[in-house]
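Commentary on secondary and tertiary structure
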Amino acid sequence: MDFETEADRAYANGAFIAGAEGFVPRWRAKAAAFRAQARAELGLAYGPGARQRFDLFRPEGAARGVMLFVHGGYWMDFGREDWSHLAAGAVARGWACAVPSYTLAPGARISEMTGEIRAAVRAVVAQVPGPVVVTGHSAGGHLAARMACAGGPEVARVVPISPLADLRPLMETQMNATLRLDAAEAVAESPALLRPRAGVQAHVWVGGQERPAFLWQARLLAEAWACPWTVDAGRHHFDVIDGLADPSSPLMEVCLGGF
């Protein structure tokens, strides 16, 4: 495989996962099937932008709280509709689950996406009382981690999954032609270089078979924040999120246990 730079190789995921091309259609099929049978409020606005919308999935009866899942895609791809099935674990545990979209690059800078997810948290809180847990995967793991610093007092816990915690290496990738990260924004938007708000809980999750760069990013964040981190043995970047659909999984216990 040819990569433009070593950084491109370090942050390539699908190129190192067998059968990677099959994951996206499976995700979308599972998401559509879940939406079809869920107690769902779709396309709720949290701002005026076309992608400033969230889907809210509710359990039977009063919700114990709400979990937000922020999707990945290197801040450049996917939307809330692709991930509805990952609400299943929270809903089965009696929690609501909100899945927001956000403006993708190059339409927004990463700092603006952080602001959008903060606005989404506020809008979700207005819909569902109780504790707020924010999780997310990859670029969404970055945005989930940012909510520990910028999400406001509503956020009780964050569980970044395979997060991008130090954005500076991404400036050396071809992706940066779209992301437009500069040195100042890379520092300001790197959770590993920031401090979480006092009182917010954090637990970092990463797959044991992920690219070395993602294992490094996860450990870096956990060490910077002095919080627990879990290496999910045998999981790679595309299946590390599967536990969110299972109410009894260790990942769901880390997200919602103890409330």
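Above this note sits the structure.
Here's a quick rundown of the structure. (Residues numbered from 1 in each chain as written. Predicted model: local features only at pLDDT ≥ 70, side-chain atom pairs only at ≥ 80, totals over all residues. Heavy atoms only, no water.)

Looking at the overall build of the protein
Of regular secondary structure, the protein possesses 9 helices and 9 strands. Against the compact-globule benchmark of 18 Å for 259 residues, the protein has a radius of gyration of 17 Å, which places it among compact chains. Over its C-alpha atoms, taken along the principal directions, the protein stretches across nearly 50 × 40 × 35 Å. Across the 259 residues that make up the protein, the buried fraction comes to 55%. Of the contacts formed within the protein by residues at least 6 apart in sequence, a portion of 74% connects residues at least 24 apart. Of the roughly 10,200 Å² of accessible surface on the protein, a fraction of 54% belongs to carbon and sulfur atoms. Placing the 24 positive and 26 negative side-chain charges of the protein at their respective mean positions leaves the two points 6 Å apart. (Helix = DSSP H or I, 4+ residues; strand = E, 2+ residues; numbered from the N terminus. Rg over C-alpha atoms; globule rule 2.2 N^0.38 Å. Buried < 20%, exposed > 50% of the residue type's maximum accessible area, 1.4 Å probe, protein only. Contact = heavy atoms within 4.5 Å. Areas by Shrake-Rupley, 256 points an atom, 1.4 Å probe, with all protein chains shown as cover. Lys, Arg positive; Asp, Glu negative; His and termini not counted. Charge placed at Lys NZ, Arg CZ, Asp CG, Glu CD.)

Here we look at unusual backbone geometry
For the peptide bond that leads from Ala 105 to Pro 106, omega is 10°, which places it in the cis range. If you check the backbone angles, Ser 138 has positive phi at about 65° while not being a glycine. Secondary-structure assignment places Ser 138 in the loop between β5 (132-137) and α5 (139-150). Using a relative accessible area of 3% as the deciding quantity, one classes Ser 138 as buried.

Description of helix α4 (residues 110-127)
Relative to the 26 Å expected for 18 residues at 1.5 Å per residue, α4 spans 26 Å between its end C-alpha atoms, a close match to the ideal helical length. Burial in α4 covers these residues: Ile 110, Met 113, Thr 114, Glu 116, Ile 117, Ala 120, Val 121, Ala 123 and Val 124. (Expected span 1.5 Å × (residues − 1).)

Structural notes on the pairing of strand β9 (residues 229-232)
The pairing of strand β8 (residues 204-207) with β9 spans 4 bridges and is parallel. Looking at β9, one finds that Val 204 is bridged to Trp 229. Regarding topology, helix α8 (residues 212-225) serves as the crossover connection from β8 to the parallel β9, and that connection is right-handed. (Pairing = 2+ DSSP bridges. Right-handed = clockwise from strand over helix to strand, strands pointing away.)

A look at the layout of surface pockets
Put simply, the largest pocket is a space of about 290 Å³. Taken together, 17 residues make up the lining of the largest pocket; nearest its centre are Asn 13, Gly 73, Tyr 74, Phe 78 and Phe 238. Its residues placed into classes, the lining of the largest pocket shows 9 nonpolar, 7 polar and 1 charged. (1 Å grid on protein atoms, 1.4 Å probe; cavity = no way out; pocket = protein on both sides within 12 Å on 5 of 7 lines; lining within 4 Å. Points joined across faces, edges and corners; volume = space filled by probe spheres on them. Nonpolar A, V, L, I, M, F, W, Y, C, P; charged D, E, K, R; others polar.)

Here we look at the packing of aromatic side chains
On inspection of all chains with the given rule, the structure shows 11 aromatic pairs. A ring pair is formed by Tyr 11 and Phe 214, whose centres lie 5.7 Å apart and whose planes are at 70°; its orientation type is edge-to-face. On the criterion of sequence distance, the pair formed by Tyr 11 in the loop between α1 (6-10) and α2 (23-37) and Phe 214 in helix α8 is long-range, its members being 203 residues apart. What makes Phe 214 buried here is its relative accessible area of 0%. (Phe/Tyr/Trp six-rings, centres within 6.5 Å; stacked < 30°, edge-to-face > 60°.)

Re the packing of α4 against α5
Contact geometry of α4 with α5 gives a least axis separation of 10 Å together with a crossing angle of 70°. Regarding the angle of α4 to α5, the classification is roughly perpendicular. Taken as a pair, α4 and α5 cross one another with a handedness that is right-handed. Together, Ile 110, Met 113, Thr 114, Ile 117, Arg 118 and Val 121 of α4 and His 142, Leu 143, Arg 146, Met 147 and Ala 150 of α5 make up the contact between the two elements. (Axes fitted to C-alpha atoms, helices over the stretch in contact; angles between N-to-C directions. Parallel < 35°, antiparallel > 145°, perpendicular 65-115°, else oblique. Left-handed = near helix turned anticlockwise from the far one by under 90°.)

Things to note about the state of the cysteines
Within the structure shown, the criterion is met by 0 disulfides. Here Cys 97 stays unpaired: no disulfide links it, and the sulfur of Cys 255, its closest cysteine neighbor, is 9.3 Å away. Taking relative accessible area as the criterion, Cys 97 reaches 0% and is therefore assigned buried. Overall, Cys 255 belongs to the buried group, its relative accessible area being 0%. (Disulfide = S-S within 2.5 Å.)

Details of the nonpolar core
Of all hydrophobic cores here, the largest spans 53 residues; its most connected members are Trp 75 and Val 134. With 7 residues, the single largest contributor to this core is α4. Look past the residues within four positions of Val 134 in its chain and what remains in contact with it is Leu 68, Val 70, Val 121, Ala 144, Met 147, Val 155, Arg 157, Val 158 and Val 159. Counting 31 residues, the second largest nonpolar core, distinct from the first, contains Ala 20, Trp 95, Val 240 and Met 252. (Core = buried A, V, L, I, M, F, W, Y, C linked by side-chain atoms within 4.5 Å.)

Remarks on the side chain of Asp 55
With respect to the helices and strands, Asp 55 occurs in strand β2 (residues 53-58). Classification of Asp 55 by relative accessible area gives buried; the value is 3%. Polar contacts involving the side chain of Asp 55 include one to the main-chain amide nitrogen of Gly 43, which spans 2.8 Å. Those residues within four positions of Asp 55 in sequence are excluded, and the remaining contacts are Arg 35, Glu 41, Leu 42, Gly 43, Arg 80, Cys 97, Ala 98 and Val 99. (Polar contact = N/O pair within 3.5 Å; in protein donor to acceptor, adjacent residues only side chain to side chain.)

As far as function goes, none of this settles anything; it's purely spatial.
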